Amino acid sequence: MLTLSDKGSRGEREDTSGPRLQEMLREAGFAIAAVEIIPDQQPLIEQTLIRWADELHLDLIVTTGGTGVAPSDRTPEATRAVIDMEIPGLGEAMRLASLQKTPQAVWSRGIAGIRQHCLIINVPGSRKAAQENLEAVLPAINHGIYKLQGGQADCV
């Protein structure tokens, strides 16, 4: 679980989305292998994603924060810079689910993609939006990871 927040990384703001996402992932059967809060700095985000995917060999990285349009929101750009392929359907599903709750969802730029055998998903930084976005794609994540790991069963 990677939280992107300048204030959070300095201890000036409590991270509420990260713990909620960790709880949701645990309930879905995932083990949480890495948790960190770092500033909204694209090179640092890229370095962390690369390290977690390539050195820690994580199957899934969920980022929270940095998906809006503020000048410091660089998570999608950092993710795009390190992935081998983008999975547009996950981002589309997250925005569609949020759009059913608020018109402000059109401002979310979170993406999802694959680096080697690791699925990386960006969700917004607010607890409510992060939860809604993860809920939208959580049922599909296990199958995607299974296929990334070489699973041969057909999609159902």
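In short, a report on the structure. (Residues numbered from 1 in each chain as written. Predicted model: local features only at pLDDT ≥ 70, side-chain atom pairs only at ≥ 80, totals over all residues. Heavy atoms only, no water.)

Observations concerning the overall build of the protein chain
Right, on to step 1. Assigned secondary structure in the protein chain consists of six helices and six strands.
Right, on to step 2. The C-alpha atoms of the protein chain give 14 Å as radius of gyration, which agrees with the globular expectation for 156 residues (15 Å, within 12%).
Right, on to step 3. Seen through its C-alpha atoms, the protein chain measures out along the principal axes to roughly 45 × 35 × 30 Å.
Right, on to step 4. Counting only residues that meet the buried cut, the protein chain has 47% of its 156 residues in that class.
Right, on to step 5. A separation of at least 24 residues holds for 73% of the contacts in the protein chain among residues at least 6 apart in sequence.
Right, on to step 6. Only carbon and sulfur atoms are counted for the fraction: they give 53% of the accessible area of the protein chain, which is about 8,000 Å².
Right, on to step 7. Between the centroid of the 15 positive side chains of the protein chain and the centroid of its 20 negative side chains there is a distance of 4 Å. (Helix = DSSP H or I, 4+ residues; strand = E, 2+ residues; numbered from the N terminus. Rg over C-alpha atoms; globule rule 2.2 N^0.38 Å. Buried < 20%, exposed > 50% of the residue type's maximum accessible area, 1.4 Å probe, protein only. Contact = heavy atoms within 4.5 Å. Areas by Shrake-Rupley, 256 points an atom, 1.4 Å probe, with all protein chains shown as cover. Lys, Arg positive; Asp, Glu negative; His and termini not counted. Charge placed at Lys NZ, Arg CZ, Asp CG, Glu CD.)

Examining the nonpolar core
Right, on to step 1. In terms of nonpolar packing, the biggest core is built from 21 residues, with Leu21, Leu25, Leu60, Leu119, Ile121, Leu134 and Ile141 touching the most fellow members.
Right, on to step 2. Among the secondary structure elements, those contributing two or more residues to this core are helix H2 (17–27), strand S3 (60–64), helix H5 (88–99), strand S5 (112–115), strand S6 (118–123) and helix H6 (127–148).
Right, on to step 3. Those residues in contact with Leu134 that lie beyond four places of it in its chain are Leu21, Met24, Leu25, Val123 and Ile141.
Right, on to step 4. Residues Leu58, Ala78, Ile83 and Ile111 belong to the second largest nonpolar core, which totals 16 residues. (Core = buried A, V, L, I, M, F, W, Y, C linked by side-chain atoms within 4.5 Å.)

Concerning a nonpolar patch on the surface
Right, on to step 1. On the surface, a nonpolar cluster with roughly 410 Å² of combined accessible area is contributed by Val69, Leu99, Val106 and Trp107.
Right, on to step 2. Along the chain, Trp107 falls in the loop between H5 and S5. (Patch = residues over 30% accessible without salt bridge, like charges linked within 9 Å, V, L, I, M, F, W, Y side chains within 5 Å. Salt bridge = Lys/Arg side-chain N within 4 Å of Asp/Glu carboxyl O.)

Remarks on the side chain of Ser5
Right, on to step 1. Of note, Ser5 is situated in the loop between strand S1 (2–4) and helix H1 (6–9).
Right, on to step 2. Setting aside chain neighbours within four positions, we find Ser5 in contact with Arg13, Ile37, Ile38, Pro39 and Asp40.

Things to note about the sheet that holds S1
Right, on to step 1. The mixed open sheet is built from six strands, whose spatial order is S2-S1-S3-S6-S5-S4. This sheet does not close on itself; its edge strands, each paired only once, are strand S2 (36–38) and strand S4 (85–86).
Right, on to step 2. Relative to S5, S4 runs antiparallel, the two sharing two bridges. For Glu86, the partnering residue across the bridge sits in S5 and is Gly113.
Right, on to step 3. Contacts between H2 and the sheet are confined to S1, S3 and S6, with S3 contributing the most and set at about 150° to the helix. (Pairing = 2+ DSSP bridges. Axes fitted to C-alpha atoms, helices over the stretch in contact; angles between N-to-C directions.)

Some remarks on the packing of helix H3 (residues 42–55) against helix H4 (residues 75–82)
Right, on to step 1. Following both chains from N to C, one finds H3 and H4 inclined at 45°, their axes separated by 9 Å at the closest point. Classified by the angle their axes make, H3 and H4 are oblique. With respect to the hand of their crossing, H3 and H4 are arranged in right-handed fashion. Between H3 and H4, the contacting residues are Gln42, Ile45, Glu46, Leu49 and Ile50 on the first element and Thr75, Glu77, Ala78, Thr79, Ala81 and Val82 on the second.
Right, on to step 2. Taken together, the residues that form the contact of H3 with H4 break down as six nonpolar, three polar and two charged. (Parallel < 35°, antiparallel > 145°, perpendicular 65-115°, else oblique. Left-handed = near helix turned anticlockwise from the far one by under 90°. Nonpolar A, V, L, I, M, F, W, Y, C, P; charged D, E, K, R; others polar.)

Section: the pattern of salt bridges
Right, on to step 1. Tallying each qualifying case throughout the model produces seven salt bridges.
Right, on to step 2. The residue Glu23 makes a salt bridge to Arg20 at a minimum N-O spacing of 3.2 Å. Residue Glu23 and its partner Arg20 are both found in helix H2; the two are separated by three residues, about one turn of the helix.
Right, on to step 3. Exposure remark for Arg20: the relative accessible area of 13% places this residue in the buried category.
Right, on to step 4. One salt bridge connects Glu36 with Arg51, and the closest N-O pair in it is separated by 3.5 Å. One end of the pair, Glu36, is in strand S2; the other, Arg51, is in helix H3, and 15 residues separate them in sequence.
Right, on to step 5. Its relative accessible area of 28% is what places Glu36 among the partly exposed residues.

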